[in-house]
Amino acid sequence: MYGVTVNNNPTVSDLWNTTPAWGFPFSSSAVAVAPAAGTIIDGVLAQQVGGVEIYAFWNNLIYAEVDVYGSTNRGLAKPLGAGTTPDTIVSGAAP
């Protein structure tokens, strides 16, 4: 299996749907203690960047992926009326 994809959320091309892009916001408990910090790849960059990637899954054994993400100076969502905070603007290209 192989392919090329263009998307706006890092980790969305996971074949097994196990990465943060496929998580559900309602799967946590209202009484559980939430983490005080998280990673930027855990939903912060979703819909704020654009990227292209190539992936391959060989012989049901080896999975490889190469991708590059970036954003405009004001973020990709700014022309659509959604605000982009400065901490989600990717300067240059991010692998």
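Here is what the cut-offs are and how they apply
- Residues numbered from 1 in each chain as written.
- Predicted model: local features only at pLDDT ≥ 70, side-chain atom pairs only at ≥ 80, totals over all residues.
- Heavy atoms only, no water.
- Helix = DSSP H or I, 4+ residues; strand = E, 2+ residues; numbered from the N terminus.
- Buried < 20%, exposed > 50% of the residue type's maximum accessible area, 1.4 Å probe, protein only.
- Contact = heavy atoms within 4.5 Å.
- Areas by Shrake-Rupley, 256 points an atom, 1.4 Å probe, with all protein chains shown as cover.
- Pairing = 2+ DSSP bridges.
- Axes fitted to C-alpha atoms, helices over the stretch in contact; angles between N-to-C directions.

Engineer: In this structure, what is going on with the overall build of the chain? I would like to understand it.
Structural biologist: A count of helices and strands for the chain gives zero helices and three strands. Across the chain, helices and strands are ordered from the amino to the carboxyl terminus as β-β-β. Across the 95 residues of the chain, 25% fall into the buried class. For the chain, the proportion of contacts with a sequence separation of at least 24, taken over those separated by at least 6, is 55%. Per element, the accessible surface of the chain, about 6900 Å² overall, is 63% carbon and sulfur.

Engineer: Would you explain unusual backbone geometry in this entry?
Structural biologist: With the exception of glycine, most residues fall at negative phi, and the peptide bonds are largely trans. Phi is positive for Thr11, close to 75°, though the residue is something other than glycine. In this fold, Thr11 is placed in the loop between β1 (2-7) and β2 (50-58). Thr11 gets classed as buried once you look at its relative accessible area, which sits at 17%. Even without glycine at this site, Asn59 takes up a positive phi of about 55°. Of note, Asn59 is situated in the loop between β2 and β3 (62-70).

Engineer: Where do I start with the sheet that holds β2 in this structure?
Structural biologist: Hydrogen bonds along the backbone pair up the strands of a sheet, which may run parallel or antiparallel. The sheet built from three strands is open, its strands ordered β1-β2-β3 with antiparallel pairing. The open sheet has two edge strands, β1 and β3, and neither has a second partner. Neighbour-to-neighbour, the strand axes of this sheet turn through a mean angle of 10°, independent of strand direction. Bridge count for β2 against β3 is nine bridges, and the pairing is antiparallel. Across the sheet, the residue bridging to Phe57 is Tyr63, located in β3.

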